[in-house]
Amino acid sequence: MIQEISAKELHERQTSGDGPQVIDIRNSAEFAQGHIPGAINVPMHELPSRIDEIEWDDEVVVACPIGQSSIQAARLIGSYEGVEDAGEVRSLAGGYNAWEYELESEE
């Protein structure tokens, strides 16, 4: 079962400098409009083909709009043999709908 992390806990950990790697699976246009600071954009449909190019941290949090697709993506990431370096893979509970904090943007 995929564990979840709350937006509040993720934000607090990022603020303290102990934040996990964030993978944003939304499309590139949504990502450009605003994303969790430091997030890497890997749209869900690209994830299987790009999984080997990512340097995985010890802890990974997957973010999507409402926290449902990110659970599937976290399962997918955790199932790949090449992701030995990734420790815990979690989903952002509630996704971007639950994120009440400042976002970075590409615009």
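Rules behind the numbers
Residues numbered from 1 in each chain as written. Predicted model: local features only at pLDDT ≥ 70, side-chain atom pairs only at ≥ 80, totals over all residues. Heavy atoms only, no water. Helix = DSSP H or I, 4+ residues; strand = E, 2+ residues; numbered from the N terminus. Rg over C-alpha atoms; globule rule 2.2 N^0.38 Å. Buried < 20%, exposed > 50% of the residue type's maximum accessible area, 1.4 Å probe, protein only. Contact = heavy atoms within 4.5 Å. Areas by Shrake-Rupley, 256 points an atom, 1.4 Å probe, with all protein chains shown as cover. Arc of directions from axis to C-beta. Phe/Tyr/Trp six-rings, centres within 6.5 Å; stacked < 30°, edge-to-face > 60°. Lys NZ or Arg CZ within 6 Å of the ring centre and 35° of its normal. Core = buried A, V, L, I, M, F, W, Y, C linked by side-chain atoms within 4.5 Å. Pairing = 2+ DSSP bridges. Axes fitted to C-alpha atoms, helices over the stretch in contact; angles between N-to-C directions.

Caption draft 1: Spatial organisation of the overall build of the chain. Of the regular secondary structure elements, the chain holds five helices and five strands. When the helices and strands of the chain are placed in sequence order, the string is β-α-β-α-β-α-β-α-β-α. The C-alpha atoms of the chain give 13 Å as radius of gyration, which agrees with the globular expectation for 107 residues (13 Å, within 12%). Taking the principal axes of its C-alpha atoms as reference, the chain extends roughly 35 × 30 × 25 Å. Residue burial in the chain is summarised as follows: out of 107 residues, 43% are buried. Look at the contacts in the chain between residues 6 or more apart in sequence, and 72% of them connect residues 24 or more apart. Accessible surface computed for the chain: about 5900 Å², of which carbon and sulfur atoms make up 43%.

Caption draft 2: Representation of helix α4 (residues 69-79) within the structure. Those residues of α4 lying buried are Ser70, Ile71, Ala73, Ala74 and Ile77. Around the axis of α4, the buried residues are gathered within 165° of arc, so they sit on the same side. Buried residues belonging to α4 abut β1 (4-5), α3 (47-50), β4 (59-63) and β5 (88-92).

Caption draft 3: Looking closely at the packing of aromatic side chains. Evaluation of the coordinates by the stated rule reveals one aromatic pair. When the ring of Trp99 is compared with that of Tyr101, the centres are 5.1 Å apart and the planes differ by 75°; the resulting orientation is edge-to-face. Taking the relative accessible area as the measure of exposure, Trp99 reaches 8% and is therefore buried. Taking NZ or CZ as reference, Arg26 lies 3.7 Å from the ring centre of Tyr96, over its face.

Caption draft 4: Seen up close, the nonpolar core. If you look at the biggest cluster of nonpolar residues, it comprises 16 residues, and the most contacted ones within it are Ile23, Ile25, Trp56, Val60, Val62, Ile77 and Val89. Those elements that provide at least two residues to this core are β4 and α4. Those residues in contact with Val89 that lie beyond four places of it in its chain are Ile2, Val60, Val62, Ala74 and Ile77. Residues Ala7, Val22, Val61 and Tyr96 belong to the second largest nonpolar core, which totals 12 residues.

Caption draft 5: Just the sheet that holds strand β3 (residues 40-41), in detail. Strands sit in the order β1-β5-β4-β2-β3 across an open sheet of five strands; the sheet is parallel. A single partner strand is all that each edge strand has here, and the edge strands are β1 and β3. Looking at chain direction, strand β2 (residues 21-24) and β3 are connected through two bridges and run parallel. Following the sheet pairing, Ile23 is matched in β3 by Ile40. This element, α4, spans β1, β4 and β5 of the sheet and lies at about 170° to β5.

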